[in-house]
Amino acid sequence: MKTWTIAALALLLCGCDDQGLPPDDTLKPAVTVQFLEASCTEAWLRLVTRNVSPPYTVTLLRNDSAVATISSPPADTTVIDEELSPSRTYTYRARLTATSGLNLTGDPVQART
């Protein structure tokens, strides 16, 4: 009984060390673009921002060229990219620039018309 008491007391005093856990990425500021759907000449894309305070701008890049710039959009915004060529693959990326100095670029996503 005495051994169990000492062991339980040692566990309570030492506790668990959570430093080995990975950081919670949901708390970091982020910008992403997601491919929703495409027609022959249009692509529907979803821009998502997380944990960013206005003012900021989000630039949608198609094949590394800006196709849209939106000032402080809602956290979830649908964008339609028009006048695309049929049967082509396009690479999209979102870039966020805040007046606070924050600069983020999301991962690329591909869309095929």
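First things first, this report covers the structure right here in the doc. (Residues numbered from 1 in each chain as written. Predicted model: local features only at pLDDT ≥ 70, side-chain atom pairs only at ≥ 80, totals over all residues. Heavy atoms only, no water.)

**Notes on the overall build of the protein chain**
Phase 1: Within the protein chain, the secondary structure is distributed over one helix and eight strands.
Phase 2: Along the protein chain, helices (α) and strands (β) appear in the sequence α-β-β-β-β-β-β-β-β when read from the amino end.
Phase 3: Residue burial in the protein chain is summarised as follows: out of 113 residues, 26% are buried.
Phase 4: Residue pairs at least 24 apart in sequence account for 53% of intrachain contacts in the protein chain once pairs closer than 6 positions are excluded.
Phase 5: Entry remark: accessible area of the protein chain is about 7800 Å², with carbon and sulfur atoms responsible for 55%. (Helix = DSSP H or I, 4+ residues; strand = E, 2+ residues; numbered from the N terminus. Buried < 20%, exposed > 50% of the residue type's maximum accessible area, 1.4 Å probe, protein only. Contact = heavy atoms within 4.5 Å. Areas by Shrake-Rupley, 256 points an atom, 1.4 Å probe, with all protein chains shown as cover.)

**Quick look at the pairing of strand 3 (residues 56-62)**
Phase 1: Within strand 3, five of the seven residues are buried, which leaves the element mostly enclosed by the surrounding structure.
Phase 2: Relative to strand 6 (residues 89-98), strand 3 runs antiparallel, the two being bridged by seven bridges. Across the sheet, the residue bridging to T59 is R95, located in strand 6.
Phase 3: What sits between the antiparallel neighbours strand 3 and strand 4 (residues 65-71) is a turn of two residues, in which N63 has the positive phi angle 50°. (Pairing = 2+ DSSP bridges.)

**Examining the sheet that holds strand 2 (residues 43-50)**
Strand pairing in a sheet is mediated by backbone hydrogen bonds. Such pairs are either parallel or antiparallel.
Phase 1: The three strands are arranged 1-2-5 in an open sheet whose pairing can be described as antiparallel. The open sheet terminates on both sides in strands that have one partner only, identified here as strand 1 (30-38) and strand 5 (76-81). The mean angle between the axes of side-by-side strands here comes to 25°, regardless of whether they run parallel or antiparallel.
Phase 2: Two strands pair when backbone bridges link them, and strand 1 and strand 2 are joined in this way by eight bridges, in the antiparallel orientation. When the bridges of strand 2 are listed, E37 appears paired with W44. (Axes fitted to C-alpha atoms, helices over the stretch in contact; angles between N-to-C directions.)

**Re the pairing of strand 5**
Phase 1: In strand 5, alternate side chains face the same way, and those of T77, V79 and D81 are buried while those of D76, T78 and I80 on the opposite face are not.
Phase 2: Inspection of the sheet shows strand 2 paired to strand 5 by six bridges, in the antiparallel sense. Bridge pairing links W44 to I80 in strand 5.

**Quick notes on unusual backbone geometry**
Phase 1: Cis geometry is adopted by the peptide bond preceding P55, which originates at P54 and carries an omega value of 5°.
Phase 2: The backbone of D64 shows a phi angle near 70°, a positive value even though the residue is not glycine.
Phase 3: Residue position: D64 is located in the loop between strand 3 and strand 4.
Phase 4: In this structure, E83 is a non-glycine residue whose phi angle is positive, near 60°.
Phase 5: A relative accessible area of 79% places E83 in the exposed class.

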